[in-house]
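Architecture and fold: a report
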Amino acid sequence: MINLVRKPAVSGKFYSNDPLELRKQLGSFINKNKLENKINAIGCLVPHAGYIYSGEVAASVFSKIDLKENFIILGPNHTGYGQLLSIMTEGCWETPLGKVQVNSDLAKEFLKNSVNLKEDFLAHKYEHSLEVQLPFLQYFKDNFKIIPIVVGIQDFSIYKKLGKEIAKVLKDLNLIKDTIIVASSDMTHYESDEIARSKDEVAIDAVLKLDEDLLYRKIRELDITMCGYAPAIVMLSAVKELGAKKAELIKYETSGKTSGDYNAVVGYAGIIIN
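In short, a report on the structure. Note that this is a predicted model, so its numbers are computed, not measured. (Residues numbered from 1 in each chain as written. Predicted model: local features only at pLDDT ≥ 70, side-chain atom pairs only at ≥ 80, totals over all residues. Heavy atoms only, no water.)

1. With respect to the side chain of lysine 68
Locating lysine 68 in the fold gives a position in the loop between α2 (51-62) and β3 (70-76). A distance of 3.0 Å separates the side chain of lysine 68 from the side chain of asparagine 40, its partner in a polar contact. Only 2.8 Å separates the side chain of lysine 68 from the backbone oxygen of alanine 41, close enough to count as a polar contact. If near-sequence neighbours (up to four positions away) are discounted, lysine 68 is found in contact with Asn40, Ala41, Lys141, Phe144, Ile176, Lys177, Asp178, Thr179 and Ile180. (Helix = DSSP H or I, 4+ residues; strand = E, 2+ residues; numbered from the N terminus. Polar contact = N/O pair within 3.5 Å; in protein donor to acceptor, adjacent residues only side chain to side chain. Contact = heavy atoms within 4.5 Å.)

2. Looking at the pattern of salt bridges
Following the criterion strictly, the structure yields 15 salt bridges and no others. A salt bridge links glutamate 90 to lysine 108; the nearest nitrogen and oxygen atoms lie 2.9 Å apart. In this pair, glutamate 90 is assigned in the loop between β4 (85-87) and β5 (92-95) and lysine 108 in helix α3 (residues 104-112), connecting sequence segments 18 residues apart. We classify glutamate 90 as buried; its relative accessible area is 13%. Here arginine 197 and glutamate 253 are joined by a salt bridge, their closest N and O atoms 3.0 Å apart. You can see arginine 197 sitting in helix α8 (residues 193-208) and its partner glutamate 253 sitting in strand β11 (residues 247-254), a full 56 residues away along the chain. The class of arginine 197 is partly exposed, set by a relative accessible area of 33%. Look at glutamate 253 and you get buried, because its relative accessible area is 17%. (Salt bridge = Lys/Arg side-chain N within 4 Å of Asp/Glu carboxyl O. Buried < 20%, exposed > 50% of the residue type's maximum accessible area, 1.4 Å probe, protein only.)

3. Re the nonpolar core
Counting 91 residues, the largest nonpolar core has Phe110, Ile166, Ile181, Leu215 and Met226 as the members making the most contacts within it. A per-element tally of this core places helix α10 (residues 229-241) first, with nine residues. When sequence neighbours within four positions are dropped, the list of residues in contact with methionine 226 reads Leu45, Ser185, Asp186, Met187, Ala203, Leu215, Ile219 and Ala232. (Core = buried A, V, L, I, M, F, W, Y, C linked by side-chain atoms within 4.5 Å.)

4. Here we look at the pairing of strand β2 (residues 43-46)
Side-chain alternation along β2 places Gly43 and Leu45 on one buried face and Cys44 and Val46 on a second face that is also buried. In the sheet, β2 pairs with strand β9 (residues 179-184) via four bridges, with the strands oriented parallel. Directly across from leucine 45, in β9, lies its bridge partner alanine 183. Pairing between β2 and strand β12 (residues 265-273): three bridges, direction antiparallel. When the bridges of β12 are listed, cysteine 44 appears paired with isoleucine 272. (Pairing = 2+ DSSP bridges.)

5. Description of the sheet that holds strand β6 (residues 98-101)
Taking strand neighbours across the sheet as the criterion, the three strands line up as β1-β5-β6 in an open arrangement whose pairing is mixed. Each edge of the open sheet is held by one strand with a lone partner, namely β1 (5-6) and β6. Taken together, the two bridges between β1 and β5 define a ladder with parallel strand orientation. Along β5, the bridge assignment pairs valine 5 with cysteine 92.

6. Comments concerning helix α7 (residues 156-172)
For α7, spanning 17 residues, the distance from its first C-alpha to its last is 25 Å, which sits close to the expected 24 Å at 1.5 Å a residue. Just past α7, the residue asparagine 174 takes up positive phi, approximately 55°. (Expected span 1.5 Å × (residues − 1).)

Printed below as a string of structure tokens:
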């Protein structure tokens, strides 16, 4: 189990499987004039689509953050495989840019201190929402570890509880300053650009207010198809326990900019919380 390697599932599809091409693609997203004054973030919300669609939004977030030693990466379960709340506590994840180790000690603490988290590789094996974040982190930072958590459909109270459990472990181990909680989510799916932007504005407003209750309520009221709302709720619940005071929308875009199809778009938001 210790030597478990999670192989890339969407390399060559969502992003280039050639290391040189991938670095070139990542570099093309970065505005060199905006890399100063890094933000000391506690958490962030980033998209997880193919890089040609959402890469600029994700890069706008990671390029502005003072990257730390540990990244708790929370993603939704698109595949339906595995446990509903799934964590990997051992091994590494591989991308074209190399291998990223799981912080086994910290992951096992989360598992031990959570009521609902389960050790499960299957939920992670084909899930792209966590994988696509790694090359960005590898581009900007040489040494870091991850704690991968896939969040399936559960009760709202369970999301909030998981967030508080994560925060408690980080407090107890004095790792708040060394850790960033990443929520991986796209926004509205396959509605017109106008409607997507209107709905996403409401969801983004709730995140900017650090109000996971409002976010959940508006998603249900307006039928906002934000695929990673659960990871976002977990992240918001955690960062508030860790002292987060404000959030900033760094960039928003829809797939229409790339595809030219504004009748059925997907929205992408990049938000930093500190």
